[in-house]
Amino acid sequence: MTIGQSNFAQKTFEITTKNNVLVLETDKDNSLLLSYIGKKLKNTAEYSSIQSLDKYKPGSDDLFNKREAYIASGSLNLLEPALTVTHADGNKSTELTFSRVEEKQIDQNRKLTSIVLKDAKYNFEVSLHYLSYFNEDVIEQWVQIVHKEKGDVVLNKYASANLTLSGKKFFLKNHYSGWGREMRSEEQQLLHGIKTIDSKLGTRNNLLNSSSFMISIDQPATEDLGEVVAGSLEWTGNFRLDFETFDEYYLRLTAGINNFSGNYTLKPGEEFITPRFVYTYSANGKGIASRNLQNWARNYQLLEGMGERSTLLNNWETTYFDFNDEKLNHLIQDTKKLGVDVFLLDDGWFGNKFPRNNATAGLGDWQFNKQKLANGISALGKEATANGVKFGIWLEPEMVNPKSELYENHPDWIIRQPERKEYYMRNQLVLDLSNPKVQDFVFNTVDEVFKEVPDLAFIKWDCNSLIYNANSPTLKNQDHFYLEYVKGLNSVLERIRKKYPKIPMMLCAGGGTRVDYAALKYFTEFWPSDNTNPFDRIFIQWEYSYYFPSVAVDNHVTDMGKQPIKFKTDVAMMGKLGYDVKVNELDEKELLFSQNAVKIYNSIKDIVWHGQQYRLQDPYENKVAAISYVSETRDTAIIFNYYVSTLYNAKNAIPIKLKGLDPDKMYKIEEVNLYPGTTSPIDSQRSYSGDFLMTVGINPEADAGRTSVVLKVMTL
Ligand code: DGJ
């Protein structure tokens, strides 16, 4: 449907999902305002009354800083803008008014509403796109900019979305990271002024800050109480999130690509499309907000979100760079012995003139190392097949070590400032993916591996350096560098996916420092952290779960941490299970336990991957942390409980209330994944109503002697 231009009649547009609505309206100046985001009203006719109740008036008139849906600078708006433009004639003002709307029902669940805004003076147009996912209560929002001015226009800021929220107070939950310390969480009241969370790192965009966050309105929301907006920017590069509180009752959120060092020159007729900002609103706490994003991701964004994953044995923490055919062949046999699907060969298999025997050399030279692997990766692939398992491989194709043939032969492919000192992260530099020749090189690196191992079943794609000395040797306009890098990366991933649509790929960046929903369109999963200490992992996985479903989260059982193997395994089961242990050094019971654990995991993985997740008891304030996954039919739930206290003789004293069950169904509870020779105090003969389990709860009886407990709740 297209509504033609009309300057003065007020128009109201509703972006509606199952429980919520976003109301946009034109005012008397024909500006487009965001007048409401929240729970749906029963009577939709009442939406048009909302705007008149908003008595915001910061100065002596009511003009400046209207609640515009997308805020341009240089005219009326004097707070942080979403859009700043230098027009072809050098003028820096933009004022956008409503031009037309187009609505397209894509299918029963998805609707795209595109509202076109125009500048009155310049031939400059901005389309606001709102793609709503009805059942998931999720909206993706982005912007398309086009102009027909008499020369180039420069976009100085070009955010994907603005949202102006009203409330008495606002609280931001955001996440900061470092290597091995991903997704540390903090929650703070946003007082007056602007808080900006951003990245200027180029690659490894989440090394310092996450591009996912939650805002609570009025008070910090709990799992089940309070108003929350949860959002995430879909961009695998520099991002910027501005949170500006103004007057007494408003918070304006601006989310988009970081405009740092990024003035974008747009030719007449050329289109600029921003990345998408995905968000959800929950009137009832953070739990629903997370499940909304997780459901959306599984159904629409994450590659194979509703599909299967492979369990695996990885050699990184057991061999590091020190391996040869013989050792690897043993590991392939161990893969079979353990019962997992894939043997994943990590870093160190390549480089000849500069062998990759440590992290200082070889990156970029993707030919197998002849000393370590006499017959190459092709022979390893065959060995895996002969042993009834699959073969996967590690790559870090965006990078180069100065000690490599690639560095010697293609200095013009490397990001650096030729006149300045080179700075390295992990002894390496980043290749210039804005250059199409480099894009071909990266694509061919992957393609060549497939030529050697046609049955390749898994790729771990690593990225261990951020970008120092940002500068492309070939790009004409360095202001486009950061953007062109990401576009180059996406175009390579697009090509890989076209040729190899199904191969599972793990997104890794020296741990979990590149986790965003644009990348997860191409990757089936991600590596959350090199920190595999299961105690720390409980917290790391807990925090990722606010935004990402467990089916995307790869967890390995390793030698890190002094906890028993059962504890490690239970923690790793809350996602995609893998191993990085010396199987031949496990004692008899540990091996038996692990083999059974893989079988049990295979029987519950569908619920962990595709069920609804409930964070029942947090690890910060409780002696026992509890997380559950409930099947779609609500017939089965898996409850993971971990004892996280250091207090002597502490216990989980009171029952833990379950969530998401059917109150009218009867359930029994069985403890699973017991260590050989142990018995469970949980009475599997008793039955409970869903109502009882959700109102009174169940005590998993986790304590210092039973540090992790996995319960299976099943209907009778
Ligand atoms: C960093 C990754 O996070 C590790 O898992 C491992 O693959 C190493 N790189 C290999 O260099």
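Computed from a predicted model, the values in this text were never measured in an experiment. (Residues numbered from 1 in each chain as written. Predicted model: local features only at pLDDT ≥ 70, side-chain atom pairs only at ≥ 80, totals over all residues. Heavy atoms only, no water.)

**Q** Just checking my understanding: could you explain the overall build of the protein for this structure?
**A** Of regular secondary structure, the protein possesses 12 helices and 37 strands. What you see for the protein is a C-alpha radius of gyration of 27 Å, in line with the 27 Å of a compact globule of 716 residues. Taken along the three principal axes of its C-alpha coordinates, the protein extends 80 × 70 × 45 Å. Expressed as a percentage of its 716 residues, the buried residues of the protein come to 63%. In the protein, once contacts between residues fewer than 6 apart in sequence are set aside, the share between residues at least 24 apart is 68%. (Helix = DSSP H or I, 4+ residues; strand = E, 2+ residues; numbered from the N terminus. Rg over C-alpha atoms; globule rule 2.2 N^0.38 Å. Buried < 20%, exposed > 50% of the residue type's maximum accessible area, 1.4 Å probe, protein only. Contact = heavy atoms within 4.5 Å.)

**Q** I would appreciate a short explanation of the side chain of E68 in the present structure.
**A** Within the secondary structure, E68 sits in the loop between helix 1 (50-53) and strand 5 (83-86). Leave out the neighbours within four places in its chain, and E68 touches S31, L32, L33, L34, L96 and T164.

**Q** How do you make sense of the site of the ligand when you look at a structure like this?
**A** Taken together, 13 residues sit near the ligand, with D346, D347, K460, D462 and D530 positioned nearest. The side chain of D347 places a nitrogen or oxygen atom 2.6 Å from an oxygen atom of the ligand. Between K460 and the ligand, the recorded distance is 2.8 Å, taken from a side-chain N or O atom to an oxygen atom. For the ligand, whose accessible area on its own is 290 Å², the fraction buried by protein is 98%. Residue composition of the shell around the ligand, by class: 4 nonpolar, 3 polar and 6 charged. (Near = heavy atom within 4 Å. Polar contact = N/O pair within 3.5 Å; in protein donor to acceptor, adjacent residues only side chain to side chain. Areas by Shrake-Rupley, 256 points an atom, 1.4 Å probe, with all protein chains shown as cover. Nonpolar A, V, L, I, M, F, W, Y, C, P; charged D, E, K, R; others polar.)

**Q** I tried to follow the packing of helix 7 (residues 436-452) against helix 8 (residues 481-499) on my own but got confused; where do I start?
**A** For any two helices packed against each other, the geometry is given by the interaxial angle and the distance between the axes. For the pair helix 7 and helix 8, the least separation of the axes is 9 Å and the interaxial angle reads 30 degrees. Judged on the interaxial angle alone, helix 8 and helix 7 are roughly parallel. Crossing of helix 7 over helix 8 shows right-handed handedness. Where helix 7 abuts helix 8, its residues Q439, D440, V442, F443, V446 and D447 lie against G488, S491, V492, R495, I496 and K499. (Axes fitted to C-alpha atoms, helices over the stretch in contact; angles between N-to-C directions. Parallel < 35°, antiparallel > 145°, perpendicular 65-115°, else oblique. Left-handed = near helix turned anticlockwise from the far one by under 90°.)

**Q** Looking at this model, I keep getting lost on the pattern of salt bridges. Mind explaining?
**A** If the charged atoms of two oppositely charged side chains come close together, the side chains can form a pair. Considering all chains together, one arrives at 34 salt bridges under this definition. For K327, the salt bridge is made with D322, and the minimal N-O distance between the two is 3.5 Å. For E484, the salt bridge is made with K487, and the minimal N-O distance between the two is 3.5 Å. Of this pair, E484 and K487 are both found in helix 8, 3 residues apart, which corresponds to roughly one turn of the helix. The class of E484 is buried, set by a relative accessible area of 18%. One salt-bridge network, held together by shared partners, links E80, K157, R240 and D242. (Salt bridge = Lys/Arg side-chain N within 4 Å of Asp/Glu carboxyl O.)

**Q** Sorry if this is basic, but what is going on with the domain arrangement of the protein here?
**A** In many analyses, interface size is given as the accessible surface area lost on bringing the parts together. Domain boundaries assigned for the protein yield domain 1 (2-301) and domain 2 (613-715). Computed over C-alpha atoms only, the centres of domain 1 and domain 2 are separated by 40 Å. Contacts between domain 1 and domain 2 engage 8 residues on the former and 5 residues on the latter. A buried area of about 550 Å², summed over both sides, lies between domain 1 and domain 2, and 27% of it is on carbon and sulfur atoms. Of all residues in domain 1, E223, R291 and Q294 bury the most surface against domain 2, accounting for 66% of the area lost on that side. At the junction of domain 1 and domain 2, the tally comes to 2 salt bridges. (Domains from an automatic or database assignment. Buried area = accessible area lost by both parts, 1.4 Å probe.)

**Q** Please explain the state of the cysteines as it appears in this structure.
**A** Linking two cysteines covalently through their sulfur atoms gives a disulfide. A complete count under the given rule lists 0 disulfides for this structure. With no disulfide of its own, C508 lies closest to C463 among cysteine sulfurs, the gap being 8.7 Å. For C508, a relative accessible area of 3% translates into the label buried. (Disulfide = S-S within 2.5 Å.)

**Q** Honestly, the UniProt feature "domain: Glycosyl hydrolase family 36 C-terminal" (unreviewed entry) in the protein in this entry has me stumped. Any pointers?
**A** Per the UniProt record, "domain: Glycosyl hydrolase family 36 C-terminal" (unreviewed entry) is found at residues 625-704. Helix makes up 8% of residues 625-704 and strand makes up 30%, while its end C-alpha atoms are separated by 13 Å. (UniProt positions renumbered as here; feature names shortened; annotations may be inferred.)

**Q** When you look at the sheet that holds strand 11 (residues 161-166) in this model, what are you seeing that I'm missing?
**A** Backbone-to-backbone hydrogen bonds join strands into a sheet, with any given pair of strands oriented parallel or antiparallel. One open sheet holds the 4 strands; their spatial order is 11-18-17-14, and the pairing between them is antiparallel. Of all strands in the sheet, those with a lone pairing partner are strand 11 and strand 14 (193-198), marking the two edges. On average, adjacent strands in this sheet sit at an angle of 15 degrees to one another, irrespective of strand direction. (Pairing = 2+ DSSP bridges.)

**Q** Can you walk me through the packing of helix 9 (residues 534-544) against helix 10 (residues 565-572) in this structure?
**A** Look at helix 9 against helix 10: their axes get within 9 Å of each other, and the N-to-C directions meet at 15 degrees. Looking at the two axes, helix 9 sits roughly parallel to helix 10. Of the two possible hands of crossing, helix 9 and helix 10 adopt the one that is left-handed. Facing P534, F535, R537, I538 and Q541 of helix 9, the residues of helix 10 in contact are F567, K568 and V571.

**Q** Any chance you could explain the sheet that holds strand 10 (residues 153-158) here in plain terms?
**A** Judged by pairing direction, the sheet is antiparallel, and its 3 strands sit side by side in the order 5-10-19 without closing on themselves. Of all the strands in the sheet, just strand 5 and strand 19 (264-266) have a single pairing partner and so form its edges. Averaged over all adjacent pairs, the angle separating strand axes in this sheet is 30 degrees, with direction ignored. With 4 bridges connecting them, strand 5 and strand 10 associate as antiparallel partners. The residue of strand 10 that forms the bridge with V85 is L155.

**Q** Can you walk me through the packing of aromatic side chains in this structure?
**A** Given two aromatic rings, one states the distance between the centres and the angle between the planes to describe the pair. This model, assessed by the stated rule, comprises 39 aromatic pairs. A network of ring pairs unites the aromatic residues Y133, W296, Y300, Y517, F526, Y544, Y546, Y547 and F548 as a single cluster. Directly above the ring of Y546 sits R615, whose terminal nitrogen or CZ lies 3.7 Å from the centroid. (Phe/Tyr/Trp six-rings, centres within 6.5 Å; stacked < 30°, edge-to-face > 60°. Lys NZ or Arg CZ within 6 Å of the ring centre and 35° of its normal.)

**Q** What's the story with the environment of A704 in this structure? I'm lost.
**A** Note on placement: A704 falls in the loop between helix 12 (690-695) and strand 37 (708-715). Considered as a pair, A704 and P504 are 200 residues apart in the sequence and their alpha carbons are 38 Å apart. Among all residues touching A704, those that are not within four sequence positions of it are Y643 and A650.

**Q** Any chance you could explain the side chain of T164 here in plain terms?
**A** Topologically, T164 is positioned in strand 11. Overall, the relative accessible area of 0% leaves T164 in the buried class. Here R252 takes part through its side chain, which lies 3.3 Å from a polar atom of the side chain of T164. When residues no more than four places from it in sequence are discounted, the contact partners of T164 are L34, R67, E68, F246, Y250, L251 and R252.

**Q** Can you help me understand the confidence of the model for the protein in this one?
**A** Low-confidence regions, as indicated by low pLDDT, have predicted coordinates that should not be scrutinised in detail. Chain-level statistics for the protein give a pLDDT mean of 96 and a share of 97% at 70 or above. The model gives residues 1-7 a pLDDT under 50, and that stretch makes 19 contacts with residues more than four places away or in other chains. (pLDDT = per-residue confidence, 0-100.)

**Q** How should I be thinking about the pairing of strand 4 (residues 32-39) in this particular structure?
**A** Across the 8 residues of strand 4, 6 count as buried, placing the element largely inside the fold. Hairpin connection, strand 3 (residues 20-26) to strand 4: the antiparallel pair is bridged by 5 residues, and N30 has positive phi, about 70 degrees.

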